[in-house]
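# Fold and geometry: a report
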Amino acid sequence: MLMFKRTFWRNHVEDQDGKVIQQGTLLEQDQFNRMEVGIFDSNMAANIIHIMLLWFGRRLGVLETSSNSHDTDIASMKNTDTQQNSRLSALEPEVAAEVKEVTLKNGSKWPFGINEVSVGLAKTRKNANYGVDVYVKSYTGGRLGDITVSGKLTNGFKLKHDGSAQTVVVVVRVTGGMN
């Protein structure tokens, strides 16, 4: 396994006469590209781990992309393992996911035209301790910024993006808040 070799950066230090006391680390393309590769590799590894966790969660019936397929997985698990029935029944309302597509639009004078969009939930939650996963489907008319979730209530929440893109289409997946 290859490990990222860390660079210990040093400041360039000179005395009053201009004599070099400590030679600083060179700020050059080779150093910065090593950092970029390391950051990219770490990000890629995190994405792979995230995908694997989602895949294993779906295989175990813990995570699902739609409530219909989730119900099928829970039912099949109940049929194959009767000792787990009570624990699986307790999980059913908590892991049921609500998935919807939302379009976010910016006003004409970015960054002052950033609009919040209220997103209503089809099923009212018992509390606001639910998770909201946001996946960008597409964006047009500028750069994509950060997408933030705020104002979580039992029946909905707010979304906004701070980029210059005029239109951002996202898919949101809401889980939890049922216990």
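Residues numbered from 1 in each chain as written. Predicted model: local features only at pLDDT ≥ 70, side-chain atom pairs only at ≥ 80, totals over all residues. Heavy atoms only, no water.

In this section: the pattern of salt bridges. Throughout the structure, instances matching the rule amount to five salt bridges. A salt bridge links Glu98 to Arg125; the shortest N-O distance between them is 3.4 Å. Taken together, the residues span a long stretch of sequence, with Glu98 in strand 3 (residues 98-105) and Arg125 in the loop between strand 4 (117-120) and strand 5 (130-140) at a distance of 27 residues. Of the two residues examined, Glu98 and Arg125, each falls in the buried class. As a salt-bridge pair, Asp133 and Arg173 come within 3.6 Å of each other at their nearest N and O atoms. In this pair, Asp133 sits in strand 5 while Arg173 sits in strand 8 (residues 167-176), placing the two residues 40 residues apart along the sequence. When its relative accessible area of 31% is taken as the criterion, Asp133 is described as partly exposed. Salt bridges here are not isolated pairs; linked through shared partners, they connect Glu98, Lys100 and Arg125. (Salt bridge = Lys/Arg side-chain N within 4 Å of Asp/Glu carboxyl O. Helix = DSSP H or I, 4+ residues; strand = E, 2+ residues; numbered from the N terminus. Buried < 20%, exposed > 50% of the residue type's maximum accessible area, 1.4 Å probe, protein only.)

For the rest of this paragraph, the subject is the packing of aromatic side chains. Under the counting rule described, the total for this entry stands at two aromatic pairs. Each ring, one from Tyr130 and one from Phe157, has its centre 6.3 Å from the other, and the planes form 55°; the classification is tilted. A residue pair is termed long-range when its members are at least 10 positions apart, and Tyr130 in strand 5 and Phe157 in strand 7 (residues 156-161) qualify at 27 residues. Exposure class is identical for Tyr130 and Phe157. Each is buried. In this arrangement the basic side chain of Lys152 is found over the ring face of Tyr130, its NZ or CZ atom lying 4.8 Å from the centre. (Phe/Tyr/Trp six-rings, centres within 6.5 Å; stacked < 30°, edge-to-face > 60°. Lys NZ or Arg CZ within 6 Å of the ring centre and 35° of its normal.)

These values are about where atoms sit, not about what they do.
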